[in-house]
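Summary of structural features
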Amino acid sequence: MKILVPLKRVPDPELKTKIKDGAIDLSGASWVVNPFDEYAVETALRLLENGDAGTREGGEVVVVTIGPSEAAQQVRSALAMGADRAIRVDAEDKAIDALTVVAVLQAIVAEEKPDLILMGKQAVDGDANQVGQMLAGKLGLPQATFAASIELAEDKASVLVGREVDAGVEYKRIPLPGLVTVDLRIVSPTAVKNHVTPDAFAYGDGPRYASLKGIMAAKKKPLADKTLADYGVTASPVIAEKGVELPPARPPGQKVDDIPTLVQKLVEEAKAL
Amino acid sequence: MAGSSLHERLYTPTDEHGMLRQTVRQFARDAVEPQAMEHDQSGTLNVALLRRCGDLGLLGLTVPEDGGGAGLDAVASVIVHEELAYCDPGFALAYLAHALLFVNNFYWASTDAQRARYLPKTLSGEQVGAMGMTEPAVGTDVLGMQSVARRDGDHYVLDGRKTFITNGPEADVFIAYAKLDDRITTFVIERGFAGFSTSPKIPKMGMRASTMSELIFDGCRVPRENLLGREGGGITNMMRNLEIERLGLSAMSLGMAQRCLDDMVRYTQERRSFGKPIHEHGQIQRYLAESYAKVEAMRALIYGVAATVTPQHRNRLGTDACKLFASTAAKEVADAAVQVLGGYGYCTEYRVEQFLRDAKLIEIGGGTLEAHQKNITRDLTRP
């Protein structure tokens, strides 16, 4: 079984965003794998391995990123977690938009023919939440988004995906090949079932750390450097960034003397009633 | 953490270093930070957490791959110590005592048979390691040590006492130095050897998330195969690893100082006095700016020197300078943090008082300031 995991590098979300000249100032950023994509890597590994025994027989996890040469570090960290090989398609983040990304991924899927495409539901930089859906649409593949749980059928021909919705959990079974985008809860201890890891086995919370052994092994795993042209794609974004600003500061609170004044202000100023 | 990508590159030279830093930073945030205050207050070592370091492969960081380690360099060791100390200096010290003072020291001096016996369990963290050099009456003047060893058939017999031994109360295996025919010699001691015991924990000012005790050798019988290196070869063993140990301690100072600086910056933006955030007061600005300058100077010095230290290449002058400068600078930054946070700084909740207590240790342990001053001057004035 082959699983393709597209991943994006993003500025470390734990650090403060700085704005300079109408754009986000990334000169001092430290870059990490988009957390949701990291969850997708973790999910892919859990789908293929015996988590209890710590072994994997067969299967392949291929990670792909579209980004500048520095983004190699983020795909290496996915390889260090346990992915098998990587593809980096050279492009500057600013020069591409979701449609460009989809076009590249479409070409890669045609070449790699994965059984499953697993990706984060969105990247935490732009929060666009578009690529998964558009890619499935373009490829004509079944999709299940915001997966909170996933179970690979014993015959490996379908996955049962749990999605948290307002009324509870909605389960969707999609045939493979197909595309699944994952949400935070996919990395909870028993969210991934594959009929290989014992059902009772519980993982630690969250994605695994890259162990030193994994980091050293990652050095020797193949990382193919490609260009947009290799996939017949030209960067012609239809979406352009016009400007970035911080949300306006919250106005200070007001003190009122009595309830009628409060009600009046809620009606007239806040328009909350 | 402040700085540009280029800046990051200087302190994280390869992708492996980058991934290592990311793994350790994440591990420190998720697993080390939440338990730190509890262990500072109870004065106990979190042995289970040390074992998790083993799962990640951190305990054999500097051991070559053929020995079952990761085969990484002094820069990698600096990264790990910096990131761990940012969250829990006491735990970082226990890590240092295990991974550098025991594992790294042991690996470079041991035979294949000794490695087969002791490495697997100390690399995994199943066994805790420690090293004994200092004695109740002998510290910096280590050559004057009073512990003695004599031959007795297929055994050595050790008598003497070591003190201030980090991990002493929990350790299963120890590297210990004693004089055989008046020449310093290294032995591997297992807890359980006849005539060997450890004292109760020694209470201390800081670094309380690691423990220390005395090692007591009272006619301790050590099998001949537990001689580490050759008879009289103790000094060689000792000196071979001093540089990376000083770098580890210096990196802990850096991690502590960075933490105190970050806490200070955050607090001064939130706390207001006289109608404005306190970072707008000139007196506070001096603490912030000087602390930042010290942290940046420490970082540049430590990573610069670390890049020159390998098992084959020593840099005594550089590593002495690192520890001499970083230990005091970190203590000053921690003191500044306590001052800036005022009453909150003095109380335990914000943890900066702990970092001040912890930071003081680096001016003493692994070489006092005075030892570094003496060594540096001797090297500089050597004819």
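Residues numbered from 1 in each chain as written. Chains lettered and ligands numbered in written order. Predicted model: local features only at pLDDT ≥ 70, side-chain atom pairs only at ≥ 80, totals over all residues. Heavy atoms only, no water.

Let's talk about unusual backbone geometry
- Look at the link from leucine 176 of chain A to proline 177 of chain A: it is a cis peptide, with omega at 0°.
- One non-glycine residue, aspartate 182 of chain B, adopts positive backbone phi at about 70°.
- A relative accessible area of 62% means that aspartate 182 of chain B is categorised as exposed.
- In this structure, phenylalanine 274 of chain B takes a positive phi of about 50° despite not being glycine.
- Tracing the backbone shows phenylalanine 274 of chain B in the loop between strand E9 (272-273) and strand E10 (276-277). (Buried < 20%, exposed > 50% of the residue type's maximum accessible area, 1.4 Å probe, protein only. Helix = DSSP H or I, 4+ residues; strand = E, 2+ residues; numbered from the N terminus.)

Points about the packing of aromatic side chains
- Applying the stated criterion across every chain, the model contains 13 aromatic pairs over all chains.
- A ring pair is formed by phenylalanine 201 of chain A and tyrosine 203 of chain A, whose centres lie 5.1 Å apart and whose planes are at 80°; its orientation type is edge-to-face.
- Overall, phenylalanine 201 of chain A belongs to the partly exposed group, its relative accessible area being 23%.
- Grouping aromatic residues by their ring pairs yields a cluster made of Phe102, Phe106 and Tyr118 of chain B.
- We note arginine 9 of chain A situated over the ring of tryptophan 31 of chain A; from NZ or CZ to the ring centre the distance is 3.6 Å.
- Above the face of the tyrosine 203 of chain A ring, arginine 46 of chain A is positioned so that its terminal group lies 4.0 Å from the ring centre. (Phe/Tyr/Trp six-rings, centres within 6.5 Å; stacked < 30°, edge-to-face > 60°. Lys NZ or Arg CZ within 6 Å of the ring centre and 35° of its normal.)

Notes on the interface of chain B and chain A
- Across the boundary between the two partners, chain B contributes 27 residues, which contact 25 residues of chain A.
- Summed over both sides, the interface between chain B and chain A buries roughly 2,000 Å², with carbon and sulfur atoms accounting for 53% of that surface.
- Per-residue buried area on chain B facing chain A is highest for Glu16, Met19 and Gln22 of chain B; these three make up 28% of the total on that side.
- On inspection of chain B and its partner chain A, the count reaches 3 salt bridges.
- Aspartate 12 of chain A is the partner of arginine 29 of chain B in a salt bridge, and the nearest nitrogen-oxygen pair spans 4.0 Å.
- Across the chain B-chain A interface, the total number found is 4 residue pairs in polar contact (both at pLDDT 80 or more). (Contact = heavy atoms within 4.5 Å. Buried area = accessible area lost by both parts, 1.4 Å probe. Salt bridge = Lys/Arg side-chain N within 4 Å of Asp/Glu carboxyl O. Polar contact = N/O pair within 3.5 Å; in protein donor to acceptor, adjacent residues only side chain to side chain.)

Side note on the packing of helix H5 (residues 89-109) of chain B against helix H6 (residues 112-124) of chain B
Residue and element names in this part refer to chain B.
- The N-to-C vectors of H5 and H6 enclose an angle of 160°; their axes lie 10 Å apart at closest approach. By the angle class used here, H5 and H6 are roughly antiparallel. Once H5 is placed against H6, the crossing between them reads as left-handed. Together, His98, Phe102, Val103, Phe106, Tyr107 and Ala109 of H5 and Gln114, Arg115, Tyr118, Leu119, Thr122 and Leu123 of H6 make up the contact between the two elements.
- Split into classes, the residues belonging to the contact of H5 with H6 amount to 8 nonpolar, 3 polar and 1 charged. (Axes fitted to C-alpha atoms, helices over the stretch in contact; angles between N-to-C directions. Parallel < 35°, antiparallel > 145°, perpendicular 65-115°, else oblique. Left-handed = near helix turned anticlockwise from the far one by under 90°. Nonpolar A, V, L, I, M, F, W, Y, C, P; charged D, E, K, R; others polar.)

So, the domain arrangement of chain B
All names here are of chain B.
- Each domain of chain B was delimited in the assignment, giving domain 1 (5-128), domain 2 (130-234) and domain 3 (236-381).
- For domain 1 and domain 3, the distance between their C-alpha centroids amounts to 20 Å.
- Contacts between the two partners involve 31 residues from domain 1, matched on the other side by 33 residues from domain 3.
- Roughly 2,700 Å² of surface becomes buried between domain 1 and domain 3 when both sides are summed, with 63% attributable to carbon and sulfur atoms. (Domains from an automatic or database assignment.)

Description of the nonpolar core
- Formed by 157 residues in total, the largest nonpolar core has its most connected members in Val63, Leu118 and Val180 of chain A together with Leu20, Leu158, Ile189 and Met252 of chain B.
- Dropping the residues within four chain positions of it, valine 63 of chain A is found in contact with Val5, Leu7, Val41, Val75, Ala78, Leu79, Ala83, Arg85, Ala86 and Ile87 of chain A.
- The next biggest cluster of nonpolar side chains, apart from the first, holds 24 residues, and it includes Val101, Val104, Ile108 and Ile117 of chain A. (Core = buried A, V, L, I, M, F, W, Y, C linked by side-chain atoms within 4.5 Å.)

Comments concerning the layout of surface pockets
All names here are of chain B.
- A volume near 1,300 Å³ is recorded for the second largest pocket.
- Considering the residues around the second largest pocket, the lining is formed by 44 residues, among which Thr134, Ile364, Gly365, Gly366 and Gly367 are closest to the centre.
- For the lining of the second largest pocket, the elements supplying multiple residues, two or more each, are H5, strand E3 (155-166), helix H7 (234-270), helix H10 (352-361) and helix H11 (369-381).
- Top element by residues in the lining of the second largest pocket is H7. It accounts for 6 residues. (1 Å grid on protein atoms, 1.4 Å probe; cavity = no way out; pocket = protein on both sides within 12 Å on 5 of 7 lines; lining within 4 Å. Points joined across faces, edges and corners; volume = space filled by probe spheres on them.)

Points about the pattern of salt bridges
- Applying the stated criterion to the full structure yields 44 salt bridges over all chains.
- Aspartate 125 of chain A is paired through a salt bridge with lysine 8 of chain A; the nearest N and O atoms lie 2.9 Å apart. Here the residue aspartate 125 of chain A occupies a position in the loop between strand E10 (116-120) and helix H4 (131-139), and lysine 8 of chain A occupies one in the loop between strand E1 (2-6) and strand E2 (9-11), the gap between them amounting to 117 residues.
- Its salt-bridge partner being arginine 85 of chain A, residue glutamate 60 of chain A comes within 2.7 Å of it at the nearest N-O pair. Of this pair, glutamate 60 of chain A sits in strand E8 (residues 60-67) while arginine 85 of chain A sits in strand E9 (residues 85-90), and the two are 25 residues apart along the sequence.
- The exposure class assigned to glutamate 60 of chain A is partly exposed, which follows from its relative accessible area of 22%.
- Through salt bridges with shared partners, one network takes in Arg21, Arg25, Glu82, Glu83, Glu296 and Arg299 of chain B.

Focus on the environment of glycine 219 of chain B
Residue and element names in this part refer to chain B.
- As for its placement among the helices and strands, glycine 219 is situated in strand E7 (residues 212-223).
- For glycine 219, a relative accessible area of 28% gives the class partly exposed.
- Linking glycine 219 and glycine 168, residues 51 residues apart in sequence, is a C-alpha distance of 19 Å.
- Sequence-distant contacts of glycine 219, that is, excluding residues within four places in its chain, are made with Val157, Leu158, Asp159, Ala194 and Gly195.

A look at the side chain of lysine 2 of chain A
All names here are of chain A.
- Along the chain, lysine 2 falls in strand E1.
- We classify lysine 2 as buried; its relative accessible area is 18%.
- Within the local environment of lysine 2, its side chain forms a polar contact with the side chain of glutamate 112, the two groups lying 2.7 Å apart.
- Leave out the neighbours within four places in its chain, and lysine 2 touches Glu60, Val62, Arg85, Glu112, Lys113, Pro114, Asp115 and Leu116.

Focus on helix H2 (residues 72-81) of chain A
Residues and elements named next belong to chain A.
- Burial runs high along H2: 10 of the 10 residues are buried.
- Looking at H2, one finds that the buried residues are Ala72, Gln73, Gln74, Val75, Arg76, Ser77, Ala78, Leu79, Ala80 and Met81.
- Residue glycine 82 follows H2 closely and has a positive phi angle near 140°.

Quick word on the packing of helix H2 (residues 15-42) of chain B against helix H3 (residues 47-56) of chain B
Residues and elements named next belong to chain B.
- The contact between H2 and H3 brings their axes to 12 Å, and the two run at 165°. As far as their axial angle goes, H3 and H2 are roughly antiparallel. The chirality of how H2 crosses H3 is right-handed. Taking contact as the criterion, the partners of Thr23, Phe27, Ala31, Val32 and Gln35 in H2 are, on H3, Leu49, Arg52, Cys53 and Leu56.
- Of the residues in the contact of H2 with H3, the class split is 6 nonpolar, 2 polar and 1 charged.

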